[in-house]
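# Notes for the structure review
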Amino acid sequence: MDTFECITTKLDVREFSNQNVPGDIKSKILEAARMTGTGLNTQHWRFIIVEDRDNMKRLAQDSTSGGWAAGANFAVIVLTSPEHKFHMIDAGRVAQDMQLAAWNFGVASGLFTGIRENEIRRDFNIPDSLKATIVVCFGYPARELLGKKNRQPLEALVHREKFSR
Ligand SMILES: Cc1cc2nc3c(=O)[nH]c(=O)nc-3n(C[C@H](O)[C@H](O)[C@H](O)COP(=O)(O)O)c2cc1C
């Protein structure tokens, strides 16, 4: 799949099949994370890969907007350091890179940002210096993806040369 097709066909998925994602694909997803750039190349982030079923349930409970995560095959908790003012940008970029790398192999994903901070810290042993910024959940989709992206037309989004009111 070429990059443009990967971007334009990827949907955020919240229902997954029971099929396991092979280890080599998981490794590629993590490698895509490692290869993503950070501001000033600080690489302040750390990643917790969650595969155990009970831990996946805990992860879903530690969320305010990711109750569906319990049904995913595995998840990556993206930890970033709030010490860097761009840490949220870094988190967004690495989440997207992991999602695109996964989709290239037919693995779907969804993410959540509604995180119960104290609970996730306790359950996943997250140090005070890092914040769980995004959780990306992966698996094969429960059904064929027939959905279409709901997006505004380019004319509504793009301004030429200067912002036109
Ligand atoms: C910054 C950000 C935060 C998001 N947070 C959540 C979330 O907490 N829970 C959730 O289910 N989806 C979350 N999403 C997924 C969005 O709802 C999804 O990307 C959007 O609806 C477009 O989906 P589509 O690409 O499948 O059309 C988030 C996406 C982004 C970019």
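Everything in this summary refers to the structure shown in the same document. (Residues numbered from 1 in each chain as written. Predicted model: local features only at pLDDT ≥ 70, side-chain atom pairs only at ≥ 80, totals over all residues.)

Between the first and last C-alpha of helix α4 (residues 87-104) there are 26 Å, a value that for 18 residues agrees with the 26 Å anticipated at 1.5 Å per step. Within α4, the full set of buried residues consists of His87, Asp90, Ala91, Val94, Ala95, Met98, Gln99, Ala101, Ala102 and Trp103. (Helix = DSSP H or I, 4+ residues; strand = E, 2+ residues; numbered from the N terminus. Expected span 1.5 Å × (residues − 1). Buried ≥ 20, exposed ≤ 12 C-beta atoms within 10 Å, placed from the backbone.)

Backbone hydrogen bonds are what pair the strands of a sheet, in a parallel or an antiparallel way. Here four strands make up an open sheet; going across it, the order is β1-β2-β4-β3 and the pairing antiparallel. Strand pairing shows two members of the sheet lacking a second neighbour, β1 (46-50) and β3 (108-112), which therefore form its edges. With direction set aside, neighbouring strand axes in the sheet form an average angle of 20 degrees. As defined by bridge partners, β3 adjoins strand β4 (residues 131-139) across five bridges and the pair is classed as antiparallel. Pairing of Gly110 across the sheet is with Cys137, part of β4. (Pairing = 2+ DSSP bridges. Axes fitted to C-alpha atoms, helices over the stretch in contact; angles between N-to-C directions.)

For the rest of this paragraph, the subject is the nonpolar core. Counting 37 residues, the largest nonpolar core has Ala75, Val78, Met98, Val135, Val136 and Phe138 as the members making the most contacts within it. Residue assignment for this core shows that the elements contributing at least two residues are α2 (23-35), α3 (53-61), β2 (74-80), α4, β3 and β4. Residues within four places of Phe138 in sequence aside, it is in contact with Val21, Ile29, Ala72, Asn73, Phe74, Ala75, Ala102, Val107 and Ser109. (Core = buried A, V, L, I, M, F, W, Y, C linked by C-beta atoms within 7 Å. Contact = placed C-beta atoms within 7 Å.)

What follows deals with the site of the ligand. Every residue close to the ligand is listed here: Leu11, Asp12, Arg14, Ser65, Gly66, Gly110, Leu111, Phe112, Thr113, Gly114, Lys149 and Asn150. Split into classes, the residues belonging to the shell around the ligand amount to three nonpolar, six polar and three charged. (Near = placed C-beta within 6 Å. Nonpolar A, V, L, I, M, F, W, Y, C, P; charged D, E, K, R; others polar.)

With that out of the way, let us pick up α2. Taking 1.5 Å of rise per residue, the 13 residues of α2 would be expected to cover 18 Å, and the 18 Å separating its terminal C-alpha atoms lies within 8% of that figure. Of the positions making up α2, those classed as buried are Lys26, Ile29 and Ala33. Seen along its axis, α2 keeps its buried residues to an arc of 60 degrees; they face one direction. Opposite the packed face of α2, turned more than 90 degrees from it, sit the exposed residues Asp24, Ser27, Arg34 and Met35. Of the surrounding elements, those touching the buried residues of α2 are β1, β2, α4 and β4. (Arc of directions from axis to C-beta.)

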